Amino acid sequence: LAKTTQPISMDSYEGQEVNITCSHNNIATNDYITWYQQFPSQGPRFIIQGYKTKVTNEVASLFIPADRKSSTLSLPRVSLSDTAVYYCLVGGDNQGGKLIFGQGTELSVKP
Amino acid sequence: DAGVIQSPRHEVTEMGQEVTLRCKPISGHDYLFWYRQTMMRGLELLIYFNNNVPIDDSGMPEDRFSAKMPNASFSTLKIQPSEPRDSAVYFCASSPSPGLADISTDTQYFGPGTRLTVL
């Protein structure tokens, strides 16, 4: 399973765009890139998933360069309620659930 | 759908006691996962099931931990005897089988967790 590296913490202000980059140099050909969000006292929640190029949904965008060795989660115009831990995971086609959660990025949004 | 249901939400027990955590996955999901989260170790996968069969229990810390899935709608994680170092939040998650066109691959749906405190 590909190891991921992401910043431990980030600070932002309301209304700003936040970009969290994750490195996964050893990503395999059939691996997908998935991001989860975890609020305090809650379980992680799926945000977005992609394989290559760009994916956008109602919550975020995911940018994946051609070499797929990194990915960037983009949160447009964050609010205080976006304060959470964001996890980047790499895995292949639900390979038996082997999703390894790293330490995540703790995003703090300030007024 | 009510989502993944876990019980109890909070459990306080004394060292040496048996603890049983319960999980009801989302109906129709074929995979069920048990995780443990602590400040020191983060979120760790303990064990997972596919169609009620344990597939990988390499994350189970030791023999004091056991998990069962007697049917598609119920799973338990048991700790016997419990120790203070078992204190953590235990999450259950479920996911559908891959290959369904409208389901994202590797999307796991987590329950609210059980906060276990062993005194």
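Because the structure is predicted, anything quoted here is derived from the model rather than measured.

**Q** Quick question: what am I supposed to make of the state of the cysteines here?
**A** Note on terminology: a disulfide is the covalent bond linking the sulfur atoms of two cysteines. For the coordinates displayed, the defined rule picks out 2 disulfides over all chains. Here A:C22 engages in a disulfide with A:C88; their sulfurs sit 2.2 Å apart. Taking the sign of the torsion about the S-S bond as the criterion, the disulfide between A:C22 and A:C88, at about -80°, is left-handed. Of this pair, A:C22 sits in strand β2 (residues 18-23) while A:C88 sits in strand β8 (residues 84-91), and the two are 66 residues apart along the sequence. Pair check on accessibility: A:C22 and A:C88 agree, each one buried. With its sulfur 1.8 Å from that of its partner, B:C23 forms a disulfide with B:C92. Between B:C23 and B:C92, the S-S torsion sits near -65°, and that sign places the bridge as left-handed. Of the two residues, B:C23 sits in strand β3 (residues 19-24) while B:C92 sits in strand β9 (residues 88-95), which places them 69 residues apart along the sequence. A residue is classified by how much of its surface remains accessible, and B:C92, at 0% relative accessible area, is buried.

Each value, and the rule that gives it
- Residues numbered from 1 in each chain as written.
- Chains lettered and ligands numbered in written order.
- Predicted model: local features only at pLDDT ≥ 70, side-chain atom pairs only at ≥ 80, totals over all residues.
- Heavy atoms only, no water.
- Disulfide = S-S within 2.5 Å.
- Helix = DSSP H or I, 4+ residues; strand = E, 2+ residues; numbered from the N terminus.
- Buried < 20%, exposed > 50% of the residue type's maximum accessible area, 1.4 Å probe, protein only.

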